[in-house]
Amino acid sequence: AVTLSAFQTRAETLWAIYRSEGIEKILRTKLIPRTSSTDSWTTTANQSYFSANFQPNAIADQFNSWIDTKLTDGTINKVVAMNLVRDSVDPLKWIVTGTNNYATSDGTHPGGTGHGLMATDLRAGVDTI
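The present account deals with the structure reproduced in this document. Just so it is clear, the model here is predicted, and its values are computed rather than measured.

Turning our attention to the packing of aromatic side chains. For the structure shown, the criterion picks out three aromatic pairs. Seen from their ring centres, Phe7 and Phe63 are 4.2 Å apart, and the 25° between their planes marks the pair as stacked. A residue pair is termed long-range when its members are at least 10 positions apart, and Phe7 in helix 1 (residues 4-20) and Phe63 in helix 2 (residues 59-72) qualify at 56 residues. In this structure Phe63 comes out as buried when scored by relative accessible area, which is 0%. Where Phe63 meets Trp66, the ring centres are 5.4 Å apart and the plane angle is 35°; that geometry is what we call tilted. One end of the pair, Phe63, and the other, Trp66, are both in helix 2, three residues apart, so they sit about a helical turn from each other. Of the aromatic side chains, those joined through ring pairs into one cluster are Phe7, Trp15, Phe63 and Trp66. Across from the ring centre of Phe50, 3.8 Å away, lies the NZ or CZ of Arg34, which sits over that ring.

Further remarks concern a nonpolar patch on the surface. A cluster of nonpolar side chains, Leu14, Ile17, Tyr18 and Ile23, forms an exposed patch at the surface whose accessible area comes to about 340 Å². Here Ile17 is to be found in helix 1. Assessed through its relative accessible area of 42%, Ile17 is described here as partly exposed.

Within the fold, Leu27 resides in strand 1 (residues 27-29). Distance from Leu27 to Ile129, taken between C-alpha atoms, is 7.9 Å for residues 102 residues apart in sequence. Excluding residues within four positions of it along the chain, Leu27 makes contact with Lys78, Val80, Leu122, Gly125, Val126 and Ile129.

This paragraph deals with the environment of Asp73. Looking at where Asp73 falls in the secondary structure, it is placed in the loop between helix 2 and strand 4 (78-80). A polar contact is formed between the side chain of Asp73 and the side chain of Thr75, at a distance of 2.5 Å.

With respect to the secondary-structure elements, Thr35 resides in strand 2 (residues 35-37). A polar contact is formed between the side chain of Thr35 and the side chain of Gln47, at a distance of 3.0 Å. In this structure, Thr35 is in contact with Trp41, Gln47, Ser48, Tyr49, Phe50, Leu92, Lys93, Trp94, Asp106 and Gly107, ignoring residues within four places of it in sequence.

Two side chains that carry opposite charge are able to pair once their charged atoms sit near each other. Scanning the entire structure with this criterion turns up four salt bridges. Residues Glu12 and Lys70 are paired through a salt bridge, measuring 3.4 Å at the closest nitrogen-oxygen approach. Of this pair, Glu12 sits in helix 1 while Lys70 sits in helix 2, and the two are 58 residues apart along the sequence. A relative accessible area of 34% places Glu12 in the partly exposed class. Of the residues examined, Lys70 reaches a relative accessible area of 10% and is grouped as buried. The closest approach of N and O atoms between Arg123 and Asp127, which form a salt bridge, is 2.7 Å. Placement of both Arg123 and Asp127 in helix 3 (residues 112-127) is noted, with a separation of four residues, approximately one turn of the helix. Beyond isolated ion pairs, a larger network of salt bridges with shared partners links Glu12, Lys70 and Asp73.

Reading the values: the criteria
- Residues numbered from 1 in each chain as written.
- Predicted model: local features only at pLDDT ≥ 70, side-chain atom pairs only at ≥ 80, totals over all residues.
- Heavy atoms only, no water.
- Phe/Tyr/Trp six-rings, centres within 6.5 Å; stacked < 30°, edge-to-face > 60°.
- Helix = DSSP H or I, 4+ residues; strand = E, 2+ residues; numbered from the N terminus.
- Buried < 20%, exposed > 50% of the residue type's maximum accessible area, 1.4 Å probe, protein only.
- Lys NZ or Arg CZ within 6 Å of the ring centre and 35° of its normal.
- Patch = residues over 30% accessible without salt bridge, like charges linked within 9 Å, V, L, I, M, F, W, Y side chains within 5 Å.
- Areas by Shrake-Rupley, 256 points an atom, 1.4 Å probe, with all protein chains shown as cover.
- Salt bridge = Lys/Arg side-chain N within 4 Å of Asp/Glu carboxyl O.
- Contact = heavy atoms within 4.5 Å.
- Polar contact = N/O pair within 3.5 Å; in protein donor to acceptor, adjacent residues only side chain to side chain.

By themselves these figures say nothing about function.
Now the structure itself:
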């Protein structure tokens, strides 16, 4: 099982390698939702967190909060939250519109629309770095 500490150490190790190789700007995305659904991601009410690690205040949520501290302390230069694929009330669930599989069809990977939304977020982040 992956621990928060191990996940953080791996990220910091990669960032240190990037810096040592001359990378000047590091952009990090936050982890996106991971859920299951009983209605093909048509509603947030029928989404369940995939595992204990993806529930509020669990490892994924803590890692996303920790990323913000790495921006504040200068370790990285930009954080992109990927908010366009998140529900506005519960950001650990996928955005829904009432259409089956709008942003995802498996709860782990974005679908075509989800990728488009994430690309929009990422492009905005890249443009400001």
